[in-house]
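# Working through the structure, step by step
Listed below are the residues making up each chain.
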Amino acid sequence: MLLKVLRGHLTAMPTFMVFFKNKRIVLFDTLLEDYVPMNEKKDDNADGDQQATDGEDNVSDQQATDGEDNVSDQQATDGEDKKENEETLSEEKPEMNEDKKNRKIGCNNEEVLAVLSHELGHWKLNHILKNLVIGQVNTLLCFMVFSFLMNRTELYTAFGFQTKSIFIGLIIIFQFIFSPYNELLSFCMTVLSRRFEFQADAFAKTLHQAEKLKSALIKLNKDNLGFPVADWLFSAWHYSHPPLLERLKALGKTD
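Presented here is a report on the structure given in the accompanying data block.

Conventions and cut-offs
- Residues numbered from 1 in each chain as written.
- Predicted model: local features only at pLDDT ≥ 70, side-chain atom pairs only at ≥ 80, totals over all residues.
- Heavy atoms only, no water.
- Axes fitted to C-alpha atoms, helices over the stretch in contact; angles between N-to-C directions.
- Helix = DSSP H or I, 4+ residues; strand = E, 2+ residues; numbered from the N terminus.
- Parallel < 35°, antiparallel > 145°, perpendicular 65-115°, else oblique.
- Left-handed = near helix turned anticlockwise from the far one by under 90°.
- Contact = heavy atoms within 4.5 Å.
- Nonpolar A, V, L, I, M, F, W, Y, C, P; charged D, E, K, R; others polar.
- Salt bridge = Lys/Arg side-chain N within 4 Å of Asp/Glu carboxyl O.
- Buried < 20%, exposed > 50% of the residue type's maximum accessible area, 1.4 Å probe, protein only.
- Core = buried A, V, L, I, M, F, W, Y, C linked by side-chain atoms within 4.5 Å.

### Quick look at the packing of helix 5 (residues 127-149) against helix 7 (residues 166-177)
Look at helix 5 against helix 7: their axes get within 10 Å of each other, and the N-to-C directions meet at 125°. Classified by the angle their axes make, helix 5 and helix 7 are oblique. When you trace helix 5 past helix 7, the crossing you get is right-handed. Residues Cys142, Phe143, Phe146 and Leu149 of helix 5 form the contact with helix 7, whose participating residues are Ile166, Gly169, Leu170, Ile173, Phe174 and Ile177. Of the residues assigned to the contact of helix 5 with helix 7, the class counts are nine nonpolar, one polar and no charged.

This is the structure:
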């Protein structure tokens, strides 16, 4: 299923959606190279630049023809030298800048297939089901603790309330009492999510998509203006996905 997003200059990652027996892998249009609006704008600008260049060449040729009839031989010689210098400078421009200007954002078909292999790995390894079970168990435990604490008078008194109220209890327990637990749970889920990402990458590698997946990850990182280097402690606490260099290193390992 292809879904169009408004973020024309950012690349949205694919999403795996499951509802009972219905399974969908959602691809956003910014992931596909041939569907990205920014690439169409680049092509239009390139055509406009080509037309402008052709127009300038025609005008220059006409002016040069008129000038040859009216100016001296010395001026014609100076014009030829100037033209030769301009051509020399244009030839010395780095090819890297030209490639950077013409490079399209998004992934080609083979790279999209590699990304799909990664998403299929999440399904094959039951990552979605595991996250769903963890979420349901966490919700059950939270409400069990809430039912145990909601009638404790000292809890309300400690926060300056003289009357019991279920709404006040919800705020106190879920916002303050559960705060340390939520931080610990968030860190554990981050570690688990990173582990799942490595496993999904390994699954794509078993389908012989390692090289294309590495190329896709690099492109997605560039298109999203991501920085490949991250502090290991900061990324371990905050990043639900491993940094780019760690994923490339894991994909490059031989079994």
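Additional details are given in the paragraphs that follow.
### Quick notes on the pattern of salt bridges
It is possible for side chains of opposite charge to pair when their charged atoms get near one another. Across all of its chains, the model carries seven salt bridges by this definition. Close ionic contact of Arg152 with Glu154 constitutes a salt bridge, the shortest N to O distance being 2.7 Å. A relative accessible area of 35% places Arg152 in the partly exposed class. Residue Lys214 is joined to Glu211 by a salt bridge in which the shortest nitrogen-to-oxygen separation is 3.4 Å. A residue pair is termed a helical-turn pair when its members lie 3 or 4 positions apart in one helix, as Lys214 and Glu211 do in helix 9 (residues 210-223) at three residues. According to the relative accessible area criterion, Lys214 is buried, its value standing at 18%. Among the charged side chains, a network of salt bridges with common partners joins Glu197, Asp201 and Arg247.

### Details of the nonpolar core
In this structure, Leu27, Leu31, Leu32, Cys107, Val112, Leu213 and Leu217 are the most contacted members of the largest nonpolar core, which totals 15 residues. Only helix 4 (109-124), helix 9 and helix 11 (244-252) provide two or more residues apiece to this core. Examining the composition of this core, we find that four residues originate from one element, helix 9, more than from any other. If we skip the residues at most four places from it in the chain, Val112 touches Leu27, Leu31, Leu32 and Cys107.

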